[in-house]
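# An overview of the molecular structure
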Amino acid sequence: MLPVGGPSEAGVVRYRLRVQGQVQGVGFRPFAYRLATELGLGGWVRNDGRGVDMEVQGTVPDLERLIRDLRLKAPPLARVEGIEVREMAPHPSCLDFLIEKSRTGMVRTGVSPDAAVCAACLEELCDPADRRYRYPFINCTHCGPRYTIVRALPYDRPNTAMAGFGLCLQCRHEYGEALDRRFHAEPVACPACGPQLTLHDRDGRALAAPDVISAALALIRAGQILAVKGLGGFHLVCDARRAASVARLRAAKNRNEKPFAVMAANEASLSPWVRCDAGDRALLESVARPIVLLPREPDGDDPFPGVAPELAWLGVMLPYTPLHYLLFHEAAGRPRGTAWLRQPQELVLVCTSGNPGGEPLVTDNDEAFRRLHGLADAYVVHDRDILVRCDDSVLRPERGAPAFIRRARGYVPTPIRLPAGGPSVLALGGALKNTICLTRGDEAFVSQHLGDLDNVAACTALEETVEHLLKVLDIRPERVAHDLHPDFHGSRFALAFADALGLPTVAVQHHHAHIAAVMAEHGLQGPCLGLALDGVGMGSDGTPWGGELLRVEEGGFQRLGHLRPLALPGADRAAREPWRMAASALHALGRGSEIIHRFPHEGAEVVARMLGLSFNAPPTSSAGRLFDAAAGLLGVKDYASFEGQAALLLESLALRRGRVAPLAGGYMLEEGGILDLLPLLDHLADLDDPAFGAALFHATLARGLVEWAAHASAHSGIRRVALGGGCFVNVILRTAVRKGLEEAGLEVFEARRLPPNDGGLSLGQAWVAQTALLQKE
C-alpha cells in the first residue's frame, strides 16, 4: 500500500522501498535499476540482510508504475513476497539512479536455488564466435549456481565460492554495465579469468588433456566410469547403453538393484521408451531440472539394461550445467547453435550420486580422489569450490501437481510459508531421508535431502548443514525439536545443541510430525484427521508404529486407530527380508505350519519358532511391513536389497496389470479403531498371479483406508484428512485414497512442497514445537 499524502510542491516525492522474498542472486538490482532509469527516477538500490533496499524519487504516477513493475515483471528466478513503502522527504537535485554497495545486518531474506543454464547462455555456449564458446562455467543473472556457492548473505561475490576469481576487463565491464545480462551476476566468469576443468586418472593424478570434454566423452564411450564435479557434488557417470559399465558401477557402489537415473539431451531422445506428456516435459525442462519418474512404455525394448530393473518407471533428467551440455554437444559433433537440442541424440548417461553407498555426496576434489577411489576410472574436476552439498531432486508427476520423493537442488532453500509467525525453531528430522528445518517468523527453511544417518560421515554432514543454515539465515533458535526416538543421531545432537545454548527441547512423535508437516504446508489450523502410513516410527507407547489414524491439532495429537499389528520376526531384520513378514501373516492366520514349506530359506524354522513363542518378534502396525507381507506371499520379493524395494516392485506389477475391483470382505473395521487386513493377506497367500494380486492388494487397502477415515470423520465431525508418510509416495495408493475420500465428501490434503516420506518430518517437528511455544505465551 502506498503511503498517505500527496506530492511535494514541486510534484516530486521520495519513497523508501523494502523488497522481500527471493530477490538476491537473481538479477533484481539491475532489473530495478533499468526500471528506475527508464522512468527517469533518481535514487539508489542495494542488497542487505533483509532483501533489496531502495530509495526512489520522482512523480507519484512513475513511482506507482515502478512498484507495480517490480512485482509483475520481476526476473525469472525472483519471487517477490512483499514491498514495504515509506514516504521520505525528497532530496534536492536527485537525478541519477545508482546501484550502491551492499550492506550487512540482520538477515531477513533468503538465497535462491541453483538454476539450469538459460537459453541465452546455451546459445553463447554453442556459438564458435562467442568468447565463452564451450566454456563450462558460463552463467548470467538468469541461471547458474546460487545456493551451492553461497557462504553468507548478502549475496555478493566476496561471500561466494567465486571470491578468489578476479574479473578480467571484459567480465568486469559486463558486471558493471547496467544493460548487460551479466550486470552484477556474481558467478560471472570466462575462460580468461574463471574456473577451469582438469582431467585426472583413477589415482587422482592430473592428465595432460588438451580438451577435457573430448577426452571425457572418449572415456565414457570406452565403457569407463567418470566422477564428474557438478553444482552440489560429484556424479558418477557412465554410458547407460553399456550393460557392463552399469553392472560395474552397481558392484562398485554396492547397489545391487536400486534404480539409477539417466540423463538425456532432451525428452525426444527417450520418447521410444518412456511416456512424457506436456506437464512432464515442463517439469523436466524447468529451471530446477529435477529427476522426473516417467512411466515406461509397457511393451518397449529396454535399451538401458540394468538401470532400473523390474520397475514400471525410469528416472530421467535433462542437462542443467554447461558441463553436462558440453558432453552432449561433443557427442553430437559440436554443432553450431542449439537446433541440435530439439533432435533426438544417441548419448544417454547414467548419472548417480558421487558417493560410496550410503555416505554423503562428495564435494571436494581431494575428497573425491580419496573416497571415490575404486569407484571411478577417471575424474573431471574444477577449481570452483562447492560450499553446500546438494543432491538432485526427485519428483513424480501426477494430476498437474508433482509429488516430491527427494527435495534438494533447484528447490532448496526456498522457504515454506507457515500459517502464522512464531518463535524460531530448529528441527532435526528423522534417521532416514533426513532433512533439517529452521523457522524464521512465518517462514520454514527445510534443508536439502541429507540421506540416512547411519554412518559417521552422514551425521557430520547433518551438523555441518545446521551450522551453515544458522549462519546464512542469521538465526538463533529459541527451541529445538527432534524425533521421539532417543537413539537417533538427530535426537542426541538436538539435546547437546540445546544444552550448550540453554534452549528447551521438544520430542515429537514420528507420525504426528508426518501429519503436522502436511498441515503446516497447507496452513491448516484447528483439528484435522491424518492417515500416516510408513515403514516405522517409535510410538508414544514405545512400540513400532507405521499405520496410524490420528487426530491432530495445535495442542497435540490423539491416536484414533491403527492397522492390525503383525509380528516382526527377528525385529529389524524383518524389514530387510519380506518373506519374514509373509511368515508372520501366515502365523497370524493360523497357517504357521506352511512357513517352512513355502519359504525354504535358512532360518525359516527359527522364524516359525519365534512366532510361536512370541520371542524376538515385536508387534508393529507398520503399513510398510504390510506391503512386505503381501510381496512375500505373492512371491514378488523374499530379500530386499534396498529400503522399500518390495513395495516398489508390488506397485510396478500393479501399474502394469491395471485397475481391479477391491476384494469383497478383504478387511474389517474392529473395536478400538483397528483396520484388519488379514482377510486380504489370506486371499493373497493362495493366488498364483502376482500381478493381479499386487493390483488387488492396492485396491483393497485403499478401500479399507477410505472407509476407516470416513468412519472416523462421521464420529468426530472433522471433514479434513491429511495424508502423510512414505507409503503415500505410491501413486496407486495415493490416487485411490484421495479419490475415495473426496467422493465421501472429505477435504484431502497431501504433501506437495515436500516429500510425504521422512524428508518432510523436520517441517512437522518445527510446526509442532512452534505452536506449542505460541500456546504457552
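Okay, so let's go over this structure. Predicted model, so just to flag it, every value in this text is computed and none were measured. Position labels on residues start from 1 in each chain and follow its written sequence. It should be noted that, the model being predicted, local features are given only for residues of pLDDT at least 70 and side-chain atom pairs only at 80 or more, the latter also being counted only at that level, while totals for whole chains, interfaces and linings use all residues. The side-chain quantities take in all heavy atoms of the structure and omit both hydrogens and water.

## Things to note about the overall build of the chain
- Looking only at helices and strands, one finds 21 helices and 31 strands in the chain.
- Against the compact-globule benchmark of 28 Å for 777 residues, the chain has a radius of gyration of 28 Å, which places it among compact chains.
- When its C-alpha atoms are laid out on the principal axes, the chain stretches across 95 × 65 × 50 Å.
- Here the chain holds 777 residues, and the buried ones make up 60% of them.
- Whether two residues are in contact is decided by their heavy atoms, any of which lying within 4.5 Å being enough. By sequence separation, contacts in the chain at least 24 residues apart represent 72% of the contacts at least 6 residues apart.
- His is not counted here, nor are the chain ends, while Lys and Arg score as positive and Asp and Glu score as negative. We put the charge of a Lys on NZ, of an Arg on CZ, of an Asp on CG and of a Glu on CD. The distance from the centre of the 82 positive side-chain charges to the centre of the 90 negative ones in the chain is 3 Å. We count a stretch as a helix when DSSP gives it H or I for four or more residues in a row; a strand needs E for two or more, and each element gets its number in order from the N terminus. Computation of the radius of gyration draws on C-alpha atoms, with the globule rule given as 2.2 Å multiplied by the number of residues to the power 0.38. In this scheme, a residue with accessible area under 20% of its type's maximum is buried, one over 50% is exposed, and one in between is partly exposed, where area comes from a 1.4 Å probe on protein chains only.

## Regarding the sheet that holds strand β29 (residues 674-676)
- Spatial ordering of the open sheet is given by β28-β29-β25-β24-β23-β30-β31, a layout of seven strands whose pairing is mixed. Only two strands of the sheet have a single neighbouring strand rather than two, namely β28 (668-670) and β31 (747-750). Averaged over all neighbouring strand pairs, the angle between strand axes comes to 30 degrees, with direction disregarded.
- Strand pairing is assigned whenever DSSP detects at least two bridges linking the two strands. The pairing of strand β24 (residues 544-553) with strand β25 (residues 556-563) spans six bridges and is classified as antiparallel. Along β25, the bridge assignment pairs E548 with H562.
- Fitted lines through C-alpha atoms serve as axes, helices being fitted only where they are in contact, and the angles separating the N-to-C directions of these axes extend from 0 to 180 degrees. Packed onto the sheet, helix α19 (residues 690-716) meets β23 (528-538), β24, β25, β28 and β29 and runs at close to 135 degrees relative to β23.

## Side note on the environment of R18
- Locating R18 in the fold gives a position in strand β1 (residues 13-22).
- Here R18 falls in the buried class, since its relative accessible area comes to 9%.
- Each C-alpha atom of the pair R18 and L653 lies 54 Å from the other, and the pair is 635 residues apart in sequence.
- If near-sequence neighbours (up to four positions away) are discounted, R18 is found in contact with D48, R50, G51, V52, D53, G82, I83 and E84.
- We define a polar contact as two N or O atoms separated by no more than 3.5 Å, with the added condition that, inside protein, one atom must be a possible hydrogen donor and the other a possible acceptor, whereas residues neighbouring each other in sequence contribute only through side-chain atom pairs. Within polar-contact distance, the side chain of R18 engages the side chain of D48 at 2.8 Å.

## A short note on unusual backbone geometry
- In this structure, the amide linkage connecting V412 to the following residue, P413, adopts the cis form with an omega of 15 degrees.
- Here P413 is to be found in the loop between β16 (403-406) and β17 (416-417).
- A positive phi angle is found at K433, which is not glycine, with a value near 50 degrees.
- Within the element layout of this structure, K433 appears in the loop between β18 (425-427) and β19 (437-440).

## Observations concerning the environment of H522
- By secondary structure assignment, the location of H522 is in helix α12 (residues 510-522).
- The spatial distance from the C-alpha of H522 to the C-alpha of A431 is 25 Å, given a sequence separation of 91 residues.

## Quick word on the sheet that holds β17
- In spatial order, the strands read β17-β20-β19-β18-β21-β22; together these six strands make up an open sheet with mixed pairing. Strands at the two margins of the open sheet, each flanked by one partner only, are β17 and β22 (505-508).
- Bridging between β17 and strand β20 (residues 443-446) involves two bridges; their strand directions are antiparallel. Bridge pairing links I416 to A444 in β20.
- Along the sheet, helix α10 (residues 456-473) contacts β18, β19 and β20; its crossing angle with β19, the most-contacted strand, is approximately 20 degrees.

## Thoughts on the pattern of salt bridges
- The working definition used for a salt bridge is a side-chain nitrogen of Lys or Arg within 4 Å of a carboxyl oxygen of Asp or Glu. Within the structure shown, the criterion is met by 56 salt bridges.
- Its salt-bridge partner being R417, residue E81 comes within 2.4 Å of it at the nearest N-O pair. Taken together, the positions of E81 in strand β4 (residues 79-88) and R417 in strand β17 put the pair 336 residues apart, joining distant regions of the chain.
- The partly exposed category is assigned to R417, whose relative accessible area is 35%.
- Measuring nitrogen to oxygen at the nearest pair gives 3.3 Å for the salt bridge that ties E267 to R281. In this pair, E267 sits in the loop between β10 (261-264) and α7 (278-284) while R281 sits in helix α7, placing the two residues 14 residues apart along the sequence.
- On the basis of relative accessibility, which here comes to 15%, the residue E267 falls in the buried class.
- Using a relative accessible area of 29% as the deciding quantity, one classes R281 as partly exposed.
- Residues joined by salt bridges that share partners form a network here, namely R14, R16, R18, R46, D48, D53, E55 and E100.

## As for the pairing of β25
- Linking β24 to β25, which pair antiparallel, is a turn of two residues.
- Strand direction decides the pairing type here: β25 and β29, joined by two bridges, are parallel. Each residue of the ladder has a partner; that of L563, found in β29, is L675.

## Topic: the packing of aromatic side chains
- Pairing of aromatic rings covers Phe, Tyr and the six-membered ring of Trp, with a centre-to-centre limit of 6.5 Å; geometry is then stacked below 30 degrees between planes, edge-to-face above 60, and tilted otherwise. The full count for this structure, using the stated rule, is eleven aromatic pairs.
- When the centroid spacing of 5.0 Å and the interplanar angle of 85 degrees are considered together, the rings of F369 and Y379 count as edge-to-face. Residue F369 is found in helix α9 (residues 365-371), and its partner Y379 is found in strand β14 (residues 378-382); the two are separated by ten residues along the sequence.
- Relative accessible area serves as the criterion here: at 15%, F369 is assigned to the buried category.
- Taking the relative accessible area as the measure of exposure, Y379 reaches 0% and is therefore buried.
- Among the aromatic residues, ring-to-ring pairing joins Y33, F97 and F183 into one connected group.
- Two thresholds decide whether a charge sits over a ring: the Lys NZ or Arg CZ must be within 6 Å of the ring centre and within 35 degrees of the ring normal. Positioned above the aromatic ring of F260, the side-chain terminus of R250 is 4.4 Å from the ring centre.
- Residue placement shows R409 over the ring face of Y320; its charged tip is 3.5 Å from the ring centre.

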